[in-house]
Amino acid sequence: MDLRLRRSSPPPPHGTRCHRMDRISALPDDMLLHILAHLGCARSAVQSSLLSRRWRRLCMGLTNLSFRGLPPTTMEAAFRCFAASSPQVSTLDIYVSSRHTATSANSLMRAAMRLSPRRLLFTIQESSMGYMDIELPCFQSTSSIEIDTGRLGLKPLRDGEFTALESLTIAGRIIDLRSLLNRCPRLRVLSISHMDMNLHQTTLPPASVFTALEKLSLYGKIVDLGPLLNGCKRLRELSVTQGDTRLLHIALPPSGEFPVLEKLSLSGNIADLGTLLNKCPRLRVVGVTFRGMALSSIEAGLTILEDAASLGLMLSLLGVIPVGSSCRFSQGNSSSCL
């Protein structure tokens, strides 16, 4: 954004000192903060603070911060300034490029924790960082966390509970997932993606602490899915993409049904589809991708979906990937066959 300062035209009153104010500085603080917030990067906002002391004060009042293309040491120094002078940060968006080390990324993560943002986005371009794990400290005041470590390991530190966390999105190789999820008692939205599906598996913990979970999305090689679903009494949306050809079986909870499930998306070698649909009394929308299944099983699944659609169920997605197809998967439910 090009903000050009233009001088006001009226001459000063006779006998007074010439004091001209540019038109932007004449704007009220709220409007100037709005301008700074839409610069899109903390670096640009901080550069604007060179204009005057007033702009420096306004810069420190920003609550949505985005740091991209900066050395970790520079970002840490900025965090200290904002922590000392600003109200609580609403959103902290950090992008660490591949030219920096995992050690620097870990130091930056700890500095971000001390800033206590309500929402944290942390992305690492890991191509030259080696195989060192990225450590996740406890963000006690953060309600939403989105972390993408690529193929680097994400290792939660055992230093407390994420007492305010309601939404957690992780893309990467997760170490000790059980320990992390068992320390998130208020979690309502959970999304887990394993980018390197051929090497790692997602083992899910017992669900005794997930009574508040409403939306669950899983992508990768999933094992032990049943124990998690058994405790999800409030689950409204479920999306599962199985990363291999083993049977994708959605185990029913002890009650025998998912009483409030409204939206279901499945991709893989799906087992017992008809039984599952019959046990979701409030289901409204379903998306299905049959993958790695025999033709007879696919035909049976299509018949089940046709019957369900005739009863009012909305089909949001239908995909068929026959056995033997070479498919390249992207994060989410989309795929392409070669």
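The rules we used
Residues numbered from 1 in each chain as written. Predicted model: local features only at pLDDT ≥ 70, side-chain atom pairs only at ≥ 80, totals over all residues. Heavy atoms only, no water. Helix = DSSP H or I, 4+ residues; strand = E, 2+ residues; numbered from the N terminus. Buried < 20%, exposed > 50% of the residue type's maximum accessible area, 1.4 Å probe, protein only. Contact = heavy atoms within 4.5 Å. Areas by Shrake-Rupley, 256 points an atom, 1.4 Å probe, with all protein chains shown as cover. Core = buried A, V, L, I, M, F, W, Y, C linked by side-chain atoms within 4.5 Å. 1 Å grid on protein atoms, 1.4 Å probe; cavity = no way out; pocket = protein on both sides within 12 Å on 5 of 7 lines; lining within 4 Å. Points joined across faces, edges and corners; volume = space filled by probe spheres on them. Nonpolar A, V, L, I, M, F, W, Y, C, P; charged D, E, K, R; others polar. Salt bridge = Lys/Arg side-chain N within 4 Å of Asp/Glu carboxyl O. Phe/Tyr/Trp six-rings, centres within 6.5 Å; stacked < 30°, edge-to-face > 60°. Patch = residues over 30% accessible without salt bridge, like charges linked within 9 Å, V, L, I, M, F, W, Y side chains within 5 Å. Pairing = 2+ DSSP bridges. Expected span 1.5 Å × (residues − 1). pLDDT = per-residue confidence, 0-100.

Chemist: Explanation requested: the overall build of the protein chain in the structure shown.
Modeler: Broken down by element type, the protein chain carries nine helices and 17 strands. Every one of the 338 residues in the protein chain was classed for burial, and the buried ones make up 45%. Contacts spanning at least 24 positions in sequence make up 48% of the contacts within the protein chain whose residues lie at least 6 apart. Counting only carbon and sulfur atoms, one obtains 52% of the accessible surface of the protein chain, whose full area is about 17,100 Å².

Chemist: Is there a simple way to explain the nonpolar core in this structure?
Modeler: Ranked by size, the top nonpolar core spans 73 residues in total, and within it Phe79, Leu92, Ile94 and Ile250 carry the most contacts. With seven residues, the single largest contributor to this core is helix H5 (residues 102–115).

Chemist: Would you explain the layout of surface pockets in this entry?
Modeler: Approximately 220 Å³ is the volume found for the largest pocket. Leu277, Asn278, Cys280, Pro281, Leu283, Ile304, Asp307, Ala308, Leu311, Gly312 and Leu313 are the residues that line the largest pocket. Broken down by secondary-structure element, the contributors of at least two residues to the lining of the largest pocket are helix H8 (273–278) and helix H9 (295–310). Among the elements that make up the lining of the largest pocket, the one with the highest residue count is H9 (three residues). Within the lining of the largest pocket, the residues separate by chemical class into eight nonpolar, two polar and one charged.

Chemist: Would you take a moment to explain the pattern of salt bridges for this structure?
Modeler: Side chains carrying opposite charge are able to pair once their charged atoms draw close together. All told, the structure shown has twelve salt bridges when counted by the stated rule. Arginine 110 is paired through a salt bridge with glutamate 135; the nearest N and O atoms lie 3.8 Å apart. You can see arginine 110 sitting in helix H5 and its partner glutamate 135 sitting in strand E4 (residues 134–136), a full 25 residues away along the chain. Linking glutamate 146 and arginine 119 is a salt bridge whose minimum nitrogen-to-oxygen distance equals 2.9 Å. Note that glutamate 146 is positioned in strand E5 (residues 144–156) and arginine 119 in strand E3 (residues 119–124), a separation of 27 residues in sequence.

Chemist: Before we go on, may I ask you to explain the packing of aromatic side chains in this structure?
Modeler: Aromatic ring pairs are reported here in terms of the distance separating the ring centres and the angle at which the planes meet. Scanning the entire structure with this criterion turns up one aromatic pair. On the basis of an interplanar angle of 80° and a centroid distance of 5.1 Å, the ring pair of phenylalanine 67 and phenylalanine 79 is categorised as edge-to-face. Here the residue phenylalanine 67 occupies a position in strand E1 (residues 64–68), and phenylalanine 79 occupies one in helix H4 (residues 72–85), the gap between them amounting to twelve residues. Relative accessible area serves as the criterion here: at 2%, phenylalanine 67 is assigned to the buried category.

Chemist: So what exactly am I meant to see when it comes to the environment of phenylalanine 122 here?
Modeler: By the secondary structure assignment, phenylalanine 122 is in strand E3. Each C-alpha atom of the pair phenylalanine 122 and alanine 105 lies 9.6 Å from the other, and the pair is 17 residues apart in sequence. Setting aside residues up to four positions removed in sequence, phenylalanine 122 forms contacts with Ile94, Val96, Ala105, Leu108, Met109, Glu146, Ile147 and Asp148.

Chemist: Whenever I open this one, a nonpolar patch on the surface confuses me. Can you help?
Modeler: On the surface, Leu302, Leu315, Leu318 and Val320 cluster together to form a nonpolar patch covering roughly 300 Å² of accessible area. Note that leucine 315 resides in strand E15 (residues 314–322). For leucine 315, a relative accessible area of 38% gives the class partly exposed.

Chemist: Help me out: how do you make sense of the pairing of E5 in this one?
Modeler: The two faces of a sheet get side chains in turn, since along a regular strand they alternate between them. Where E3 and E5 come together, five bridges link them in parallel fashion. Paired with leucine 121 across the strands is glutamate 146, a residue of E5. Taken together, the three bridges between E4 and E5 define a ladder with parallel strand orientation. Paired with leucine 136 across the bridge in E5 is proline 156. Bridge count for E5 against strand E6 (residues 167–174) is seven bridges, and the pairing is parallel. By the bridge assignment, aspartate 148 is partnered in E6 with alanine 171.

Chemist: Looking at this model, I keep getting lost on unusual backbone geometry. Mind explaining?
Modeler: Comment: phi is negative for the bulk of residues other than glycine, and the bulk of peptide bonds are trans. Phi at serine 116 takes a positive value of approximately 55°, unusual for a residue other than glycine. As for its position among the elements, serine 116 is in the loop between H5 and E3. Even without a glycine there, the phi angle at aspartate 176 is positive, about 60°. Examined against the element boundaries, aspartate 176 turns out to sit in the loop between E6 and helix H6 (177–181).

Chemist: Before we go on, may I ask you to explain H5 in this structure?
Modeler: Each full turn of the α-helix corresponds to 3.6 residues, which orients residues three or four apart in the same direction. End to end, H5 covers 20 Å across 14 residues, agreeing with the expected 20 Å (1.5 Å per residue, within 8%). Backbone geometry just after H5 places serine 116 at a positive phi near 55°.

Chemist: When you look at the confidence of the model for the protein chain in this model, what are you seeing that I'm missing?
Modeler: Parts of the prediction with low pLDDT should not have their coordinates interpreted in detail. On average, residues of the protein chain carry a pLDDT of 77, and 69% of them reach 70 or more. The element-level mean pLDDT for the protein chain is lowest in strand E17 (residues 335–337), coming to 40, with E3 highest at 94. Throughout residues 1–9 the model reports pLDDT below 50, and contacts reaching past four residues in sequence, or to other chains, amount to 15 contacts. The low-confidence segment residues 327–338, where pLDDT is below 50, has 29 contacts with residues more than four positions distant or belonging to other chains.

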